[in-house]
Amino acid sequence: MYELNALEAKSLFQKGKKMTEMLIDKIEPVTTAGLQQTPGIETYVPAGGQPVLHCENIEKVYGSRGNITRALDGISFNVNKGEYVAIMGASGSGKTTLLNCISSIDRVTSGHIYVAGRDITNLRSKQLSQFRRDDLGFIFQDSNILDTLTAYENIALALTIKKVPHREIEMRVAAVAEHLSITDTLKKFPYQLSGGQKQRVAAARAIITNPSLVLADEPTGALDSKSAKMLLESFDMLNKNLLATILMVTHDSFAASYTKRVIFIQDGKIFTELVRGDQSRKEFFNRIIEVVSFLGGENNDVL
Amino acid sequence: MYFKLALGNVRKSFRDYGIYFITLLFGVCVFYAFNSIASQQAVLQFSESQNRIIELLAGLIDGTSVFIAIILGFLIVYASRYLIRRRKKEFGTYLTLGMPVGKVSRIVVYETLLVGVASLLVGLALGIAISQALLYVTAALFTIQVDALMFVFSYEAMIKTIIYFGVIFFITLVFNVFSISRYKLIDLINADRKNESIKLRSLPLSVVLFIISLALIGTAYYLLIDNGLVTFDSQFATSTVLVCVGTLLFFYSLSGFLLRAVQSNRKLYFRGLNMFVLRQLNSKINTTFISITLVSMALFLAITSTCGGTALANAFTQNLAANTQYDATLSLTLPGQNVDRTGQAPKDEGNRYSWYPQAAADNFDMLTTLKRSIPEWDTYVSNAAQMNSYQTGMTMKDLADQGQVTVKDDIYGQSMDQASLNAITVSEFNKQRTLLGLEPVDLGSDKFLLWCNFEEIKYVYEQFLAKSNTLNIFDTTLTAASNTLETMPDRTSSIAGNTGIVVVPDHLINEKTPLASMTLNLMYSGERADVEPKFESALYAAFPGPSSISDNARIWPFMTSTTAMQMEEQASGLTALIAYLAVYIGFILLVTCAAILALQQLSEAADNVSRYHLLEEIGVERKMTSKAVLVQIAIYFLFPLIVAFCHSLVALNVVVKVVSMYGYLDIALPLLMTVGAFLVLYLAYFLFTFFASRTMLNQKAVV
Ligand SMILES: Nc1ncnc2c1ncn2[C@@H]1O[C@H](COP(=O)(O)OP(=O)(O)O)[C@@H](O)[C@H]1O
Ligand SMILES: [Mg+2]
């Protein structure tokens with residue numbers, strides 16, 4: 001029942017490629033509005049038009065009087081359409097909290113988060129569900145796919161809950177599976193898959209709805225280096241060919257070096273950011289390492 | 001300190017303990033209430049026959065209680081194992097903190113004791129309240145006037161309840177401590193993270209198994225209906241085995257079949273959370289199908305016993321009025337084959353005919369002897385009519401053969417070979433009719449009537465009358481006076497039991513015709529309730545002691561006496577007896593089944609928290625997840641019930657046929673009432689499970 005429509009997949013793949021090329025042609029420099037400028041750091045000029053994600057001075061405070069943790073302390077930044085951004089920081093710096101707030105799994109204490117132009121900080125429960133369903137894709141460290149469903153069904157789930165007709169589901173699953181090279185594993189159950197395959201299934205599910213924003217929290221955290229590399233290359237491909245906007249949280253400099261921009265946070269604040277520009281991945285990696293060692297001091301905590 | 005910890009635990013996990021505790025309460029309370037029924041004798045003014053019924057009931061409940069205790073014991077052990085499994089992680093934490101295994105066990109012991117003692121106390125209190133209610137139910141069933149407020153308490157029932165449940169809790173305790181000591185720390189800590197590999201069965205195999213299971217169940221149904229519950233032969237055994245195996249296979253393959261069936265409709269399969277729910281069901285069936293089968297069979301037992309019991313009791317009371325038209329019946333059966341009215345008693349080695357001279361002296365008229373022994377007879381009895389039945393030398397089968405009637409090959413048909421056919425004179429027959437206010441009939445000198453009211457055999461005579469209108473009897477050929485069967489009662493009894501008599505013209509009978517039995521039907525001079533006590537005491541004073549066909553026993557002027565009021569009392573007693581037993585067994589079985597399903601689903605919900613959490617993360621709306629939970633739990637509650645219901649319908653259908661020999665049997669009302677009461681309780685457990693599961697799944701979920 002899961003036979004792959006190879007032709008379909010190929011045409012979709014090529015369509016994505018073409019659209020990327022078209023988009024690249026249109027790229028022009030745009031000034032950033034509302035982006036907090038940290039003195040002493042180069043300013044990033046994002047490509048494309050309106051920001052997909054716009055965080056405005058968000059704060060998150062845990063606990064009550066006497067015993068409070070300021071997990072996020074006035075964070076503002078933008079992610080534009082088609083961007084591939086990493087958020088780095090030491091353990092406990094607030095990365096997961098930030099991601100949870102953006103994904104509306106957690107609520108901010110103050111500030112606003114706009115996704116695709118909509119303020120999600122004051123959405124009601126039902127609208128939040130719809131928002132997560134239609135605008136977001138998730139990939140977590142412990143691959144969040146259902147152990148009771150096959151890989152195919154896990155990917156299809158993102159569409160069935162949107163009431164997409166089953167014929168379209170078949171085509172889209174086949175296409176995305178081809179992209180992520182998991183066509184052969186579609187019939188398998190999660191316990192029959194390797195960690196890397198599971199993460200790629202999760203990625204497929206995250207991307208298949210064409211979300212405005214894909215969020216990934218330490219997606220390579222539980223993978224060996226070879227699988228991690230493969231997954232990161234997949235992300236890169238999703239970003240390039242399918243124009244996915246990806247925001248990835250990581251404390252791994254190697255993972256971060258695959259992205260186009262890295263935002264560093266420390267104690268709930270944005271510390272600095274790096275833009276890859278025309279640099280090679282290797283050069284970018286070295287720059288990231290510099291910041292990380294500067295940030296970490298003793299360093300080990302971070303890497 | 002450990003006690004405090006235990007208390008805290010119980011309070012904390014009240015959601016888990018809730019259903020366990022409530023079910024325990026039910027168990028203790030019902031157990032006490034029904035075991036205390038004997039003590040109602042101390043409070044209510046029962047008649048002697050009612051006393052006997054109550055004693056019989058108490059004895060039956062006593063025996064049944066062992067069975068009930070085993071069922072409840074099974075439930076309690078099962079439930080507490082579930083509760084411990086749910087808290088593996090917590091015990092793991094205790095162990096990590098350096099608490100020795102012995103002390104962790106001690107916490108479990110305290111918890112078990114705590115819940116046990118609490119449920120015993122509260123359950124007994126509730127049971128005492130329920131037993132007061134039962135007192136009024138009994139009074140109503142036995143139509144006993146209740147004037148003052150009454151209170152009944154049974155010390156024995158209380159002690160018995162404490163002992164039975166004490167033993168159950170002790171066994172539970174041993175089980176719990178044993179299972180704790182077997183856990184390894186690493187398992188306990190990783191309890192949350194267990195990556196249960198899902199055993200896969202091939203789906204086409206499921207479909208094949210499903211079809212086989214249906215075939216097995218169908219065959220079992222066929223065999224049961226064919227066997228008709230008349231004899232417990234190998235056919236019945238085969239049917240039982242087939243239905244058990246079939247049901248097991250049914251539940252083993254059901255989820256796979258459903259999955260496969262829905263998968264074949266991809267539009268349906270890939271809609272909403274359908275595939276999720278089906279996969280969920282399929283992933284758990286390996287661990288649940290045995291208990292689901294047990295639950296289904298227990299439900300089947302509960303429905304059938306409760307419903308069949310109530311229907312049987314109804315059958316007794318419903319046909320009672322028709323069968324007790326005479327106020328009383330005195331009768332005797334002749335002890336030998338060749339007793340006639342010539343005045344010559346048959347030669348006999350013993351003293352079986354010591355009564356004969358007396359009977360002969362009174363001209364074989366029961367009334368003459370009775371009136372002489374009871375001088376005030378006429379103040380009690382206004383009318384009486386004797387009826388002798390004579391041997392014809394034919395069996396019932398002979399009559400059927402004459403009319404070329406094919407006799408069914410059932411137990412009644414088979415016994416027609418041996419059963420002798422008897423005859424009575426038309427004049428005595430007309431006397432009975434007069435007693436009942438019916439017109440006498442005229443047979444002339446060469447006509448006959450057939451008289452039968454035993455449901456299962458009536459057809460033989462009806463077909464005889466339809467096919468032929470002559471009968472060769474006493475070396476004469478008679479023609480039928482009527483082609484309808486006479487069905488008026490021949491005596492007062494609890495069931496219509498006249499298996500067939502030929503009414504013949506008087507001239508065919510003479511004093512040499514051997515007797516079969518003698519019956520005297522009579523009507524009181526006043527209201528039954530007024531006359532009967534005086535009549536009975538006069539009768540028993542004049543003719544004390546029991547009678548039987550043994551030497552020197554009383555045969556003349558009557559062996560047995562039955563009165564309409566006795567029959568009514570017996571019937572109401574029987575109704576009460578059956579109703580109590582059926583409710584007792586049915587209720588306990590039902591509550592046990594519902595509790596097992598509920599616990600299973602709650603534990604399932606606990607395992608599912610992370611899955612539902614994930615669904616919410618990817619944006620599935622609450623409404624959708626709630627529906628998925630509902631469907632999943634509904635399937636678990638519904639299918640065992642549906643299967644049990646189908647089994648019950650077939651079994652009851654057969655039971656109805658067997659019971660219908662007692663006359664018309666209305667199964668619809670008892671069935672509806674039983675099913676209604678059951679459904680309410682079942683629904684309560686279902687709803688509790690659903691809401692508890694939903695809360696559990698929503699609790700840890702995202703904002
Ligand atoms: N639910 C919570 N309650 C209280 N404090 C929390 C909670 N979640 C996170 N924190 C605190 O917020 C800070 C940031 O945590 P987190 O976002 O998980 O960091 P990271 O993902 O970067 O390691 C930490 O100090 C952590 O202790
Ligand atoms: Mg984190």
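The rules behind the values
Residues numbered from 1 in each chain as written. Chains lettered and ligands numbered in written order. Predicted model: local features only at pLDDT ≥ 70, side-chain atom pairs only at ≥ 80, totals over all residues. Heavy atoms only, no water. Near = heavy atom within 4 Å. Polar contact = N/O pair within 3.5 Å; in protein donor to acceptor, adjacent residues only side chain to side chain. Areas by Shrake-Rupley, 256 points an atom, 1.4 Å probe, with all protein chains shown as cover. Helix = DSSP H or I, 4+ residues; strand = E, 2+ residues; numbered from the N terminus. Nonpolar A, V, L, I, M, F, W, Y, C, P; charged D, E, K, R; others polar. Patch = residues over 30% accessible without salt bridge, like charges linked within 9 Å, V, L, I, M, F, W, Y side chains within 5 Å. Salt bridge = Lys/Arg side-chain N within 4 Å of Asp/Glu carboxyl O. Buried < 20%, exposed > 50% of the residue type's maximum accessible area, 1.4 Å probe, protein only. Contact = heavy atoms within 4.5 Å.

Asks: Help me understand the site of ligand 1, please; the structure alone is not making it clear to me.
Replies: Residues and elements named next belong to chain A. If you check the shell around ligand 1, you find Tyr62, Thr69, Ala71, Ala90, Ser91, Gly92, Ser93, Gly94, Lys95, Thr96 and Thr97 and nothing else. Between an oxygen atom of ligand 1 and a main-chain N or O atom of serine 93, the distance comes to 3.3 Å. Glycine 94 has a polar backbone atom sitting 3.1 Å from an oxygen atom of ligand 1. When ligand 1 is considered free in solution it has 560 Å² of accessible area, and contact with the protein chains removes 58% of it. Looking at the shell around ligand 1, the elements with two or more residues in it are strand S2 (69-80) and helix H2 (95-102). For the shell around ligand 1, the leading source of residues is H2, giving three residues. Here the residues of the shell around ligand 1 are counted per class, giving three nonpolar, seven polar and one charged.

Asks: Could you clarify how one ought to interpret a nonpolar patch on the surface in this entry?
Replies: On the surface, a cluster of nonpolar side chains totalling about 980 Å² of accessible area is made up of Phe151, Phe153, Tyr155, Ile159, Ile163, Val167, Phe170, Ile171, Val174 and Phe175 of chain B. Secondary-structure assignment places phenylalanine 153 of chain B in the loop between helix H5 (101-141) and helix H6 (155-182).

Asks: Help me understand the pattern of salt bridges in this model?
Replies: Should their charged atoms come close, side chains of opposite charge can pair. Within the structure shown, the criterion is met by 23 salt bridges over all chains. The partner of glutamate 568 of chain B in a salt bridge is arginine 528 of chain B, with the nearest N and O atoms 3.5 Å apart. Here arginine 528 of chain B lies in helix H20 (residues 528-542) and glutamate 568 of chain B lies in helix H21 (residues 564-617), a separation of 40 residues in the sequence. Residue glutamate 568 of chain B is classed as partly exposed on the basis of its relative accessible area, which comes to 35%. For glutamate 616 of chain B, the salt bridge goes to arginine 622 of chain B, with nearest N and O atoms at 3.0 Å. Residue glutamate 616 of chain B is classed as buried on the basis of its relative accessible area of 4%. By sharing partners, the salt bridges in this structure join Arg133, Asp134 and Lys162 of chain A together with Glu621 of chain B into a single network.

Asks: Explain the environment of arginine 118 of chain A here, please?
Replies: Residues and elements named next belong to chain A. Considering the arrangement of structural elements, one finds arginine 118 in strand S5 (residues 118-119). By relative accessible area, arginine 118 is classed as partly exposed at 36%. As for arginine 118 and phenylalanine 131, which are separated by 13 residues in sequence, their C-alpha atoms are 9.6 Å apart. Look past the residues within four positions of arginine 118 in its chain and what remains in contact with it is Ile113, Leu123, Phe131 and Asp135.

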